[in-house]
Amino acid sequence: MSAHRPAAVVVLAAGEGTRMKSATPKVLHTISGRSLVGHVVAAASALEPEHLVVVVGHAREQVTAHLEGIDSRIRTAVQHEQNGTGHAVRVALETLPALTGTIVITAGDTPLLTDGTLTALVAAHEADGNAVTVLSAEVPDPIGYGRIVRAADGAVLAIVEQKDADDAQKAIREINSGVFAFDARLLADALDKVTTENAQGEEYLTDTLEILREAGHRVGAAIAADHREIAGINNRVQLAQARRTLNDRLLERAMLQGATIVDPASTWVDVTVEFEPDSVVLPNTQLYGATRIATGAEVGPNSTLTDTTVGPGARVSNTVADSAEIGEEATVGPFAYLRPGTRLGPKSKAGTYVEMKNATIGEGTKVPHLSYVGDATIGEHTNIGAASVFVNYDGETKHHTTVGSYCKTGSDNMFVAPVTVGDGAYTAAGSVITKDVPAGSLAVARGQQRNIEGWVARKRPGSAAAQAAEAARRGE
């Protein structure tokens, strides 16, 4: 449990986000494998609050369903009309019992905010005995933000908006993030005193700071270590910037833990991707979902892996893989496609222009090139010839093919499922295998070759082929 466990965290996610110009609610746009609100909820959950409430409004059914998919314990509070941040917090508190302790308020569009920063905010709030503590940040360019004006003892005197700031205040680089830690009982009282006497006719949460300060309570601020953490997302440009920042953060963590990322600028990963020490990622590679790269494995270049496990020492080049398992020291690619259900055993191979789906490949077995293996089980140390197709679909139903261990199948084979090739069996090149092949047998399933002498001279007289044939006949 967190040493500074808050009574509640309230996430404000009711806004429409019109500047995204999207049918998707703003907080459901994704970066690095999570929605914007999903990132905020993950950071909030790490604090182990007694209650976690997300205020929803625009597209609330869609947002609520998404939150239930993340964690069914998340509460939602509906703000039917967006009447300001103060109103949103009041709506959230109405869903909770009377609380004592600390309440953290944050926004659903700040995906870069970390649990470490939130923990530090709560710790500073409680250590200073503040009624409210603002999470602030020192930014290179504060234009457009509310400035934090402090007293000599560090207490916050006011948050002055850009339009109201004088020259001295405009020079202040410490800004308001919109993230707060409140004393729960004082927050409830202050919200009762917030009015709508402003240009927007809304209840502003920031008004509670002045209310609390005038009542004699201390208002403080805690500075975030990285100002980028507080960045909110309002349009697609900011979404891309946040994605780049978060991706850099994830790759830096992976490299510090022992992974080699050859070109971070062209490597993209989700927050759920795991790297073991001495794994290597080559340029232009994307790793998504629950992908895991083991020690000594090398992935890339030009590869996209989703929910895929790459075993120790494996090599994966120019490959697309989805929900696949790649065994220890296996090799994949270049230009391979591993579809869901593919399991490659140790030291196996899925080579150039090979596609696999729902296939289990045994240790040391090779499917070197130009083949499709679907709905199949192949044993150990078998070699599948080039241009082989496992014919698994009869137009209505998928069927399974089994090829045993130590088999050698010829090039240009068709295995028409359901069919079984026994251990140690061979199949001839160009065969269409429609019947089971007993262990140790040679299966030949093709028409007999017939040579028709002189056909070219009779049917293509005077052609280049006929002239070459005549020259060959004369020994020229």
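Structure's up top.
One structure accompanies this document, and this report is about it. (Residues numbered from 1 in each chain as written. Predicted model: local features only at pLDDT ≥ 70, side-chain atom pairs only at ≥ 80, totals over all residues. Heavy atoms only, no water.)

### Focus: the nonpolar core
As a reminder of what qualifies: To define a nonpolar core, start from buried Ala, Val, Leu, Ile, Met, Phe, Trp, Tyr and Cys residues and group those joined through side-chain atoms within 4.5 Å. Here the term buried applies to any residue with accessible area under 20% of the maximum for its type, exposed to any over 50%, and partly exposed to those in between, with areas from a 1.4 Å probe on protein chains only. Here a strand is any run of E in DSSP of at least two residues, a helix any run of H or I of at least four, and the numbering for each starts at the N terminus.
Among the nonpolar cores identified, the biggest contains 54 residues, and Phe-275, Leu-287, Val-310, Ile-326, Leu-338, Met-356 and Val-373 are the most heavily contacted of them. Counting only elements with at least two residues in this core, the list comes to α8 (236-256), β25 (336-338), β27 (349-361), β28 (366-378) and β34 (419-421). Sorting elements by how many residues they give to this core places α8 first, with 6 residues. One finds Ala-7, Ala-8, Ala-14 and Val-134 within the second-largest nonpolar core, a separate group that totals 33 residues.

### Section: the packing of aromatic side chains
Note the following rule: Only the six-membered ring of Trp is used, alongside the rings of Phe and Tyr, when aromatic pairs are assigned; centres must lie within 6.5 Å, and planes under 30 degrees apart are stacked while those over 60 apart are edge-to-face, with the rest tilted. Here, over-ring charges are defined by two tests on the NZ atom of lysine or the CZ atom of arginine: distance to the ring centre within 6 Å, and angle to the ring normal within 35 degrees.
Throughout the structure, instances matching the rule amount to 3 aromatic pairs. Where Phe-335 meets Tyr-353, the ring centres are 5.4 Å apart and the plane angle is 15 degrees; that geometry is what we call stacked. Of this pair, Phe-335 sits in the loop between β24 (331-332) and β25 while Tyr-353 sits in strand β27; the two residues are 18 residues apart in sequence, bridging distant segments of the chain. Between Phe-390 and Phe-415, the aromatic rings sit 4.9 Å apart at their centres with planes inclined by 35 degrees, giving tilted as the arrangement. Residue Phe-390 is located in strand β30 (residues 389-391), and its partner Phe-415 is located in strand β33 (residues 414-416); the two are separated by 25 residues in the primary sequence. Accessibility assignment for this pair places Phe-390 and Phe-415 in one class, buried. Positioned above the aromatic ring of Trp-268 is the side chain of Arg-244, whose terminal nitrogen or guanidinium carbon lies 4.2 Å from the ring centre. Above the plane of the ring of Tyr-393 lies Lys-398, whose end atom (NZ or CZ) is 5.5 Å from the centre.

### Considering helix α1 (residues 36-45)
Because an α-helix packs 3.6 residues into every turn, residues spaced three or four apart end up facing the same way. Extensive coverage of α1 is indicated by the burial of 8 of its 10 residues. The complete set of buried residues in α1 reads Leu-36, Val-37, Gly-38, His-39, Val-40, Val-41, Ala-43 and Ala-44.

### Comments concerning the pairing of strand β10 (residues 174-183)
Applicable threshold: Whether two strands pair depends on DSSP finding at least two bridges between them.
Summarising burial for β10: 8 of the 10 residues are buried, a large majority. Relative to β10, strand β6 (residues 102-107) is paired through 4 bridges, and the arrangement is antiparallel. Note on β10: the bridge partner recorded for Ile-105 is Phe-180. Bridging between strand β7 (residues 132-138) and β10 involves 7 bridges; their strand directions are antiparallel. In the strand pairing of β10, Thr-133 is matched with Ala-181.

The analysis is restricted to geometry; functional conclusions fall outside its scope.
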